[in-house]
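Architecture and fold: a report
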Amino acid sequence: MLPEIGQFTLILACVLSFLQIVYPLYGVYSGHQGAIKSAKILTTLQFLAVACSFLILAYSFLINDFTVTYIAINSNSALPWYYRLSAVWGAHEGSLLLWVFLLALWSIAVALLSKRLPAESVARVLAVLGVLAFGFYLFVILTSNPFERTLPTFPIDGRDLNPLLQDFGLVIHPPMLYMGYVGFSVAFAFAIAALLEGRLDSAWAKWSRPWTMAAWVFLTIGIALGSWWAYYELGWGGWWFWDPVENASFMPWLAGTALIHSLAVSEKRGVFKSWTVLLALSAFSLSLLGTFLVRSGVLVSVHAFASDPTRGLFILGFLVLVIGGSLLLYAVQASKVKSRGRYQLASRESLLLLNNILLIAALIVVLLGTLLPLVHKEIGLGSISIGEPFFNRMFTILVVPFALFLGVGSLFRWKRQSLEELRKPLALILMVSVLSTIVFLFVFAPSLTWLAILGTFLGFWVIVAVAYEIYLRATHRHSFKVGLMKLGNSHWAMSLGHLGFAIMIIGITMTQNYSIEKDVKLAVGEDITFEQYNFHFDHVTSLQGQNYTATVGTFSVKQGQQHIVVMKAEKRIYTVQRMAMTEAAIDAGFTRDLYIAMGEQLPDGAWAVRIYYKPFIRWIWLGPLIMALGGLLMIGDRRYRSKKETMKKVGAQHV
Amino acid sequence: MFNKKLLIPFVIFIIGAAFLATPLLKGSDPSKLESALVGKAVPDFTLQDIYDENKQYDASIFKGQKMLLNVWATWCPTCYAEHKYLNELANQGLYIVGMNYKDDRKKAIRWLNDLHDPYKISLYDDSGMLGMDLGVYGAPETFLIDSNGIIRYRHVGDLNQQVWDDKIKAIYEEME
């Protein structure tokens, strides 16, 4: 009975989302106040309905209701309860339900938190969100219903969740990622609403900013989590694979990063507005494209968990309507936008424009690298595959100007900057960062490569520039200590964002240049030594988990003469799906990770063992976390909370 | 007042969408190939031997006897689980051709040395060329090919005793 109720509330939510489009828009164009106000109520009701469906599906998973096909395929009674819960988004149907649920969550957040916006604008925004929700509801209900029953003959037990997904990282990675993906829908809706209204002003940028930043924060954390998960769970020791599914999440992130920067310019200086709108449309369009790529199976991927051509066609149709429609609207309406601000070549505006150009270039690289194999085949040139080397080369080229300009960007003034004035600070930054690079590599690098020097220098260049800029700003009017306290949240946000990027660059550089990977044959009692580390293979035991059996290899690790850690690497066989999984043993550290993965037992009783030494790999995820923290600070900035101030400014815009 | 330049994003998008739509509309979607390729010969190709770069194979290796074509890679955890069973099948005297898919040659050779090599012939498809033509959308996959080089069945996912007994054995034994 319960699943039928879930199905019913899902259909109800679909109907409500349709009303959420029609009624508020009618209100806006006829001036009917009641209809305009209905937007918030309908959004709330729609949210409640879909929340109901989502909770029912989650509950059915918890109580092992295998009469539901989706649950029978993706869960098992031996699965621990938290994985039963995360199994809700373990496959196609459920992850789409999560998608619409989160869309409703963002919509209701907009409805409840936009008290200071004119009711008409809110109604437009909610109506646009309604369009997106309606499309996805139809998709779920028509092609991917999670509540379908196995009745009358249902299995006694389920087929279990894909073992790859039975992991803490995968409990939170998809919701985070989806919060980011779906979150860009708000920026999208604001942009469409502004285009419909024909009023793209600084107020629009100001309203969009915290929402865009929120989505960006989620996406940043989501991608970092995914990378971390791939690192420890897949047992390859890599942290990014340029896999189409990864690229699908990376593209909206690049567009989103460009967007948060250009929104800042649009808000503060009133320029780039038409470009900013286009970015807002692109960021969400790329999220949709990502969903399409992942869900349609058009691309060959390691992640190929679910694919179905009819679903692909449906999403593609939806994609064409939404993206095509919005771009057409853009073509018609954006010409009415006039940028008022003026700026010279040497100015912060120019540098932010450059930042956008480089980010978009990176985006195009990823887009082409992901789609070209497909296009290539389509135009009859045969099949090609664009792999890691292509992406790595392109990104190495792009990151150099990006980091160099990023470092100095915040030192530039709006409108006009005399280059003469910057000569001394730049020389200082250059000197300090070169020195830091030398010291850092002297301490941590066993040998030197050009790429290592370049990458480390770029990282320190940004760090030193950020520190110098904070110092300048703080001592502008006050003593350093007082000034530091007076810096606004937004300023800290920018500094942290850039600092996080620098830390990530250093992490990537060190990991890529100085990792050591050894595949060795070890018997119990033997040991191997490299990089001052000695790994001794103590013993092998077996272990019975809730839904798997495992062989556990125990290694004690010594650095020089000093014992530092005992590591236990597992090889698991999941009983239901008969799938073998490697649970690598990882000793994480601030400056290095030690990583052991058990291979197969060889005929002579010894084991194939993979041992990795990964310097600074934690920095690759620490960087994004710091960036995300910066984003959070910006959302918390007073400008986006204080009502009075906003009203004043909006008032001024109208005059 | 209308600015034609603003139409550029729209036009680019439409062209892109058309490219994405064609494979779906034509039904050449990878997951549909299951039925499309069955009953047809293995597409033509030239691939290197995994151990020896100078040795090359083409589609003629699939003629003469019935066999399995197994697609695998070292980055694929399921292949790892499957490998033991492939060795078992090879010991029973089945003729298995392996295709190493989008992988690193060194790693692949190490894998075969470590885990025992069940393949009579090992193809190295690092660009995924034959894989694309076969419509492989992940690893492992296994194709049943008869003595005339015609694909009779495609299995997606790992081979194990259960899958073999339930689905594949009957088809394999019926095959010429």
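Cut-offs applied
- Along each chain, numbering runs from 1 in the same order as the chain's sequence is written.
- Whichever chain is written first is A, and whichever ligand is written first is 1; the rest continue in order.
- Local features in a predicted model are, by the rule used here, given only for residues with pLDDT of at least 70; side-chain atom pairs are given and counted only at 80 or more, and totals for whole chains, interfaces and linings are based on all residues.
- Numbered from the N terminus, helices here are DSSP runs of H or I no shorter than four residues, and strands are runs of E no shorter than two.
- Exposed residues have 12 or fewer other C-beta atoms within 10 Å of their own C-beta, buried residues have 20 or more, and partly exposed residues fall in between, where C-beta atoms are placed from the backbone.
- The contact rule is simple: place each C-beta atom from the backbone, and if two of them lie within 7 Å, those residues are in contact.
- Using C-alpha atoms as the atom set, the radius of gyration is obtained and then compared with a globule rule of 2.2 Å times the number of residues to the power 0.38.
- Domain boundaries shown here were taken from an automatic or database domain assignment.
- Here, a strand pair is defined by DSSP locating no fewer than two bridges between the strands.
- Between N-to-C directions, angles cover 0 to 180 degrees, with each direction set by a line fitted to C-alpha atoms, over the stretch in contact for helices.
- Only buried Ala, Val, Leu, Ile, Met, Phe, Trp, Tyr and Cys residues enter a nonpolar core, and they are joined through C-beta atoms within 7 Å.
- By definition here, a helix of n residues has an expected span of 1.5 Å times n minus one.
- A residue's bend is given by the angle between axes fitted to the 7 residues ending at it and the 7 residues starting at it.
- Geometric relationships in this document are graded by angle, where less than 35 degrees denotes roughly parallel, more than 145 denotes roughly antiparallel, 65 to 115 denotes roughly perpendicular, and other angles denote oblique.
- Each helix crossing is assigned a hand: it is left-handed if the near helix lies turned anticlockwise from the far helix by less than a right angle, otherwise right-handed if that turn is clockwise.
- pLDDT expresses how confident the predictor is about each individual residue, on a scale running from 0 to 100.
- When residues are sorted by character, Ala, Val, Leu, Ile, Met, Phe, Trp, Tyr, Cys and Pro go into the nonpolar class, Asp, Glu, Lys and Arg into the charged class, and all the rest, Gly among them, into the polar class.
- A crossover counts as right-handed when, viewed with the strands pointing away from the observer, the path leading from the first strand over the helix to the second turns clockwise.

**Quick notes on the overall build of chain B**
Summing up its helical and strand segments, chain B has 6 helices and 7 strands in all. N-terminal to C-terminal, the α/β element order of chain B is α-α-β-β-β-α-β-α-β-α-β-β-α. Per-residue burial over chain B gives 37% buried out of 176 residues. In chain B, the share of contacts with a sequence separation of at least 24, taken over all contacts with a separation of at least 6, comes to 73%.

**Observations concerning the overall build of chain A**
Within chain A, the secondary structure is distributed over 19 helices and 9 strands. Relative to its length of 655 residues, chain A is compact, with a C-alpha radius of gyration of 27 Å against a globular reference of 26 Å. If you line up chain A on its principal axes, its C-alpha atoms span 85 × 80 × 55 Å. With 655 residues in all, chain A has 52% of them scored as buried. Within chain A, contacts between residues at least 6 apart in sequence are counted, and of these 73% link residues at least 24 apart.

**Focus: the domain arrangement of chain A**
Structurally, chain A comprises domain 1 (1–156) and domain 2 (516–616). Centre-to-centre, using C-alpha coordinates, domain 1 of chain A lies 44 Å away from domain 2 of chain A.

**Remarks on the sheet that holds strand E9 (residues 607–615) of chain A**
All names here are of chain A. Spatially, the 4 strands line up as an open sheet ordered E1-E9-E8-E7, and their pairing is antiparallel. Two strands in the sheet have a free side with no partner beyond their single neighbour: strand E1 (516–522) and strand E7 (585–587). Between one strand axis and the next, the sheet turns by 15 degrees as a mean value, whatever way the strands run. With 3 bridges joining them, E7 and strand E8 (residues 592–601) adopt antiparallel strand pairing. Each residue of the ladder has a partner; that of Ala585, found in E8, is Ile596.

**Brief notes about the sheet that holds strand E1 (residues 46–49) of chain B**
Remark on secondary structure: sheet strands pair via backbone hydrogen bonds, oriented parallel or antiparallel. Residues and elements named next belong to chain B. The strand order E2-E1-E5-E4-E3-E6-E7 describes an open sheet built from 7 strands, whose pairing is mixed. Here the strands that pair on one side only, and so sit at the sheet edges, are strand E2 (56–58) and strand E7 (151–156). Each strand of the sheet is rotated relative to its neighbour by a mean of 30 degrees, with strand direction disregarded. Bridge count for E1 against E2 is 3 bridges, and the pairing is antiparallel. The residue bridging Gln48 from the neighbouring strand is Gln56, located in E2. The strands touched by helix H6 (residues 161–174) are strand E6 (141–145) and E7; relative to E7, the strand with the most contacts, the crossing angle is about 170 degrees.

**With respect to the nonpolar core**
In this structure, Val100, Leu103, Ala187 and Phe190 of chain A are the most contacted members of the largest nonpolar core, which totals 207 residues. Per-element accounting of this core gives the leading share, 19 residues, to helix H8 (residues 202–233) of chain A. Each of two domains, domain 1 (1–156) and domain 2 (516–616) of chain A, supplies a minimum of three residues to this core. Setting aside chain neighbours within four positions, we find Ala187 of chain A in contact with Ser208, Trp211, Thr212, Ala215, Leu259, Ala280, Ala283 and Phe284 of chain A. One finds Leu68, Leu112, Ile145 and Ile151 of chain B within the second-largest nonpolar core, a separate group that totals 37 residues.

**Section: helix H13 (residues 388–409) of chain A**
Residues spaced three or four apart along an α-helix point in a common direction, a consequence of the helix completing one turn every 3.6 residues. All names here are of chain A. In a regular helix each residue adds 1.5 Å, so 22 residues correspond to 32 Å; H13 covers 30 Å between its end C-alpha atoms and thus fits that length. Val399 marks the point of greatest bend in H13, at about 25 degrees, and the proline Pro401 comes within the next four residues. Looking at H13, one finds that the buried residues are Phe391, Val399, Phe402, Ala403, Leu406, Gly407, Val408 and Gly409.

**Here's the deal with the packing of helix H15 (residues 450–474) of chain A against helix H17 (residues 489–514) of chain A**
Residue and element names in this part refer to chain A. For the pair H15 and H17, the least separation of the axes is 8 Å and the interaxial angle reads 165 degrees. Classified by the angle between their axes, H15 and H17 sit roughly antiparallel to one another. Crossing of H15 against H17: the hand is left-handed. When H15 is examined against H17, the residues Leu451, Ala452, Gly455, Thr456, Leu458, Gly459, Val462, Ile463, Val466, Ile470 and Arg473 are found in contact with a partner set consisting of His491, Ser495, His498, Leu499, Phe501, Ala502, Ile505, Ile506, Ile508, Thr509 and Asn513.

**Remarks on unusual backbone geometry**
Residues other than glycine seldom take positive phi values, yet Asn64 of chain A does so here, at roughly 55 degrees. Note that Asn64 of chain A resides in the loop between helix H2 (33–62) and helix H3 (69–74). On the basis of neighbour counts, which here come to 18 C-beta atoms within 10 Å, the residue Asn64 of chain A falls in the partly exposed class. Phi at His116 of chain B takes a positive value of approximately 80 degrees, unusual for a residue other than glycine. Tracing the backbone shows His116 of chain B in the loop between helix H4 (105–115) and strand E5 (121–125).

**Some points on helix H18 (residues 618–635) of chain A**
The terminal C-alpha atoms of H18 of chain A lie 26 Å apart, and with 18 residues this matches the ideal 26 Å at 1.5 Å per residue to within 8%. Of the residues making up H18 of chain A, those classed as buried are Trp619, Ile620, Trp621, Gly623, Pro624, Ile626, Met627, Ala628, Gly630, Gly631, Leu633 and Met634 of chain A.

**Quick word on the confidence of the model for chain B**
On average, residues of chain B carry a pLDDT of 80, and 86% of them reach 70 or more. Between residues 28–35 of chain B, whose pLDDT stays under 50, and residues either more than four places distant or in other chains, the model counts 19 contacts.

**So, the packing of H8 of chain A against H18 of chain A**
All names here are of chain A. Relative orientation of the contacting elements H8 and H18 amounts to 165 degrees, with a least axis distance of 9 Å. Taken together, H8 and H18 sit at an angle that is classed as roughly antiparallel. Both H8 and H18 take part in a crossing whose hand is left-handed. Taking contact as the criterion, the partners of Pro210, Met213, Ala214, Trp216, Val217, Thr220, Ile221, Ala224, Ser227 and Trp228 in H8 are, on H18, Trp621, Pro624, Leu625, Met627, Ala628, Gly631, Leu632, Met634 and Ile635. Residues that form the contact of H8 with H18 fall into these classes: 16 nonpolar, 3 polar and no charged.

**Some words on the confidence of the model for chain A**
All names here are of chain A. On average, residues of chain A score 86 in pLDDT, and 91% of them reach the 70 mark or higher. In the model, residues 300–307 has pLDDT below 50 throughout and makes 25 contacts with residues more than four positions away in sequence or in other chains. Taken together, the stretch residues 642–655 has pLDDT below 50 and engages in 8 contacts with residues farther than four places along the chain or on a different chain.

**Brief notes about the pairing of E5 of chain B**
Residues and elements named next belong to chain B. With 4 of 5 residues buried, E5 is to be regarded as a mostly interior element. Relative to E5, E1 runs antiparallel, the two sharing 2 bridges. Bridge pairing in E5 links Gln48 to Tyr124. Handedness of the crossover joining strand E4 (residues 96–101) and E5 through H4 is recorded here as right-handed.

**With respect to the environment of Tyr95 of chain B**
Tracing the backbone shows Tyr95 of chain B in the loop between helix H3 (77–91) and E4. Sequence-distant contacts of Tyr95 of chain B, defined by excluding residues within four places in its chain, comprise Gln65, Met67 and Lys120 of chain B.

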